[in-house]
There are 2 protein chains.
Amino acid sequence: MTSAEMLMEKGIRPSLTRVMIYEYLLSHRTHPTVDEIYKELSPKAPTLSKTTVYNTVKLLSQAGVIKMLTIEEQQARFDACTDHHGHFLCNGCKKVYDFDVDVPCDTLPQGFTALTKEIFYTGTCKKCSK
Amino acid sequence: MTSAEMLMEKGIRPSLTRVMIYEYLLSHRTHPTVDEIYKELSPKAPTLSKTTVYNTVKLLSQAGVIKMLTIEEQQARFDACTDHHGHFLCNGCKKVYDFDVDVPCDTLPQGFTALTKEIFYTGTCKKCSK
DNA sequence: TAATAAGTTTGTAATGAATACATTATAAAA
DNA sequence: TTTTATAATGTATTCATTACAAACTTATTA
């Protein structure tokens, strides 16, 4: 399935801009910020506005096509992989790594229903601990 | 042990301001923001500055006396309970609840060492789902 | 005690992520 | 075409956070 079709499935009209941003996130699993997305795509799309990037990632997040990450930072990051996995922020190089986690058994109190689940670690990655 | 002694144990000089902020967090498990802490304590301490609140929560967080939470929001929240437990943000009432979790087995790749671990859920709480 | 140093607190100004909003552009429908 | 809806853009604003310097307090030394 093309990325345009994936957007349509979620009721999002696959405009050029939206597909471009979505495909960037699909092909760059670096958990980029809005600013990084904007800077990377600007050369290809000189008229792109940062506001458009904000609008688009908000739209895609709300549709569940991408995932928003908030890890001990002021800047949100985005991830096209919506599977359940953990994120590890290295305090040294500031990179965000993915890692698998045993999803903890749901021990939410009666009557609580979870929509999103996030597992965030911070620490030191392999490279930086040398 | 008094809260002042707890601060001293961590090498923090227990000034009036610091003890006041720490005790506020100990007695109010509502995960308040800097702004909320400031507004609550201002009447008692009219000369208190918001900068001081920022400085103090940073100091206490770095010493591990309190914990900083970042859940899908731009504003950081603070918690005097540093035990391992999960946080649940209700999309309805915007309150943050604590809940117990089975700490997931550490499946971090070789060479990675975790300093902090966070488990954040969002969804609907009991009251709001009625 | 006074003088000095070290640590705390404060307020203002600056930074920068995110949003509001109005305008322009593009696409779909009549 | 004309009209209508949807997308994209840019500017201005909001607001959490930080930088920084000045004022204040506490501890130390002479």
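None of the values given here were measured: they were computed from a predicted structure.

## Considering the overall build of chain A
For chain A, the helix and strand inventory stands at four helices and five strands. Counted from the first residue to the last, chain A has its helices and strands arranged as α-α-α-α-β-β-β-β-β. C-alpha extents for chain A along the principal axes are approximately 45 × 45 × 25 Å. Scored against the burial criterion, the 130 residues of chain A give a buried share of 40%. For chain A, long-range pairs separated by at least 24 residues make up 47% of all intrachain contacts whose partners lie at least 6 apart in sequence. Carbon and sulfur atoms form 52% of the exposed surface of chain A, whose accessible area is close to 7200 Å². Between the centroid of the 16 positive side chains of chain A and the centroid of its 15 negative side chains there is a distance of 5 Å.

## As for the packing of aromatic side chains
For the structure on display, the rule yields eight aromatic pairs over all chains. Plain terms: the ring middles of Tyr-97 of chain A and Phe-112 of chain B are 5.0 Å apart, the flat faces sit at 90° to each other, and that makes the pair edge-to-face. Within this pair, whereas Tyr-97 of chain A is found in strand 4 (residues 96–99), its partner Phe-112 of chain B is found in the loop between strand 4 (96–99) and strand 5 (113–124), the two belonging to separate chains. We classify Phe-112 of chain B as buried; its relative accessible area is 15%. Arranged with centres 6.0 Å apart and planes meeting at 85°, the rings of Phe-120 of chain A and Phe-120 of chain B form a pair that is edge-to-face. Taken together, the residues span two chains, with Phe-120 of chain A in strand 5 (residues 113–124) and Phe-120 of chain B in strand 5. For the residue pair Phe-120 of chain A and Phe-120 of chain B, the accessibility class agrees, reading buried in each case. Here a set of aromatic residues connected by ring pairs shows up, and it is made of Phe-88 and Tyr-97 of chain A together with Phe-112 of chain B.

## Quick word on the relation of the copies chain A and chain B
The transformation that overlays chain A on chain B combines an axial shift of 0.0 Å with a rotation of 180°, and the residual RMSD is 0.1 Å. On the angle and the small slide along the axis, the relation comes out as a two-fold axis. For chain A, the residue whose C-alpha comes nearest the rotation axis is Ile-119 of chain A, separated from it by 2.3 Å. When the interface residues of chain A are mapped onto chain B, 100% of them again lie at the interface, so the same face is used by both copies.

## Description of the protein's contact with DNA strand D
Neighbouring DNA strand D are 17 residues, the closest being Arg-13, Ser-15, Arg-18 and Thr-47 of chain A together with Tyr-54 of chain B. What you see for DNA strand D is that sugar and phosphate hold 76% of its atoms within 4 Å of the protein. Between DNA strand D and the protein, one listed contact pairs a phosphate oxygen with a side-chain N or O atom of Ser-15 of chain A at 2.4 Å. In the environment of DNA strand D, a phosphate oxygen lies 3.5 Å from a nitrogen or oxygen atom belonging to the backbone of Leu-48 of chain A. Residue assignment for the surface near DNA strand D shows that the elements contributing at least two residues are helix 2 (16–27) and helix 4 (50–62) of chain A together with helix 4 (50–62) of chain B. Ranked by residue count, the leading element in the surface near DNA strand D is helix 4 of chain A, at three residues. Residues that form the surface near DNA strand D fall into these classes: three nonpolar, eleven polar and three charged.

## A look at the pairing of strand 4 of chain A
Bridging between strand 3 (residues 86–90) of chain A and strand 4 of chain A involves four bridges; their strand directions are antiparallel. The residue bridging Phe-88 of chain A from the neighbouring strand is Tyr-97 of chain A, located in strand 4 of chain A.

## As for the pattern of salt bridges
Residues and elements named next belong to chain A. Counted by the stated rule, this structure contains eight salt bridges over all chains. Lys-50 is the partner of Asp-35 in a salt bridge, and the nearest nitrogen-oxygen pair spans 2.6 Å. Pair noted here: Asp-35 is in helix 3 (residues 34–41) and Lys-50 is in helix 4, with a separation of 15 residues, a long-range link. Accessibility expressed as a relative area gives 23% for Asp-35, which makes it partly exposed. Assessed through its relative accessible area of 33%, Lys-50 is described here as partly exposed. The residue Arg-77 makes a salt bridge to Glu-73 at a minimum N-O spacing of 3.2 Å.

## With respect to the interface of chain A and chain B
Facing 35 residues of chain A, the contacting portion of chain B comprises 35 residues. The junction of chain A with chain B conceals about 3000 Å² of combined surface from both sides, 56% of it contributed by carbon and sulfur atoms. Run the count over chain A and chain B and you get zero salt bridges. For the pair chain A and chain B, the number of links is ten residue pairs in polar contact (both at pLDDT 80 or more). Contributing elements (two or more residues each) for the side of chain A that touches chain B: strand 4 and strand 5 of chain A.

The rules behind the values
- Residue positions are given per chain, counted from 1 along the sequence in the order it is written.
- The order in which chains are written sets their letters, starting at A; the order in which ligands are written sets their numbers, starting at 1.
- Given that the model is predicted, a residue must reach a pLDDT of at least 70 before its local features are reported, and side-chain atom pairs must reach 80 or more before they are shown or counted; all residues, however, enter totals for whole chains, interfaces and linings.
- Water and hydrogen atoms play no part in the side-chain values, which are based on all heavy atoms of the structure.
- The way it works is that DSSP assigns letters per residue, a run of H or I at least four long becomes a helix, a run of E at least two long becomes a strand, and they are numbered from the N terminus.
- Relative accessibility thresholds used throughout: buried, under 20% of the residue-type maximum; exposed, over 50%; partly exposed, between the two (1.4 Å probe, protein chains only).
- Here, residues are in contact when the closest pair of their heavy atoms is within 4.5 Å.
- Note on areas: these come from Shrake-Rupley sampling with a 1.4 Å probe, and a residue is covered only by the protein chains present in the view.
- Under the convention used here, Asp and Glu are negative, Lys and Arg are positive, and both His and the chain ends fall outside the count.
- Every charge is mapped to an atom, namely NZ of Lys, CZ of Arg, CG of Asp or CD of Glu.
- In this analysis, rings of Phe, Tyr and Trp, with Trp reduced to its six-membered ring, are considered paired at centre separations within 6.5 Å, and the interplanar angle assigns stacked below 30 degrees, edge-to-face beyond 60, and tilted for intermediate values.
- The copies were overlaid with a least-squares fit restricted to C-alpha atoms from residues scoring a pLDDT of at least 70 in each copy.
- Whether a residue is near a molecule or strand depends on its heavy atoms: it is near if one of them lies within 4 Å of it.
- Here a polar contact is taken to be a pair of N or O atoms separated by no more than 3.5 Å, where protein atoms must pair a possible hydrogen donor with a possible acceptor and residues adjacent in sequence count only if both atoms sit in side chains.
- By the convention adopted, Pro, Cys, Tyr, Trp, Phe, Met, Ile, Leu, Val and Ala count as nonpolar, Lys, Arg, Asp and Glu as charged, and the other residues, Gly among them, as polar.
- Should DSSP find at least two bridges between two strands, the strands are taken to pair.
- We define a salt bridge as a side-chain nitrogen of Lys or Arg found within 4 Å of a carboxyl oxygen belonging to Asp or Glu.
- As a working definition, buried area equals the accessible area (1.4 Å probe) given up by two parts on being put together, with both sides summed.

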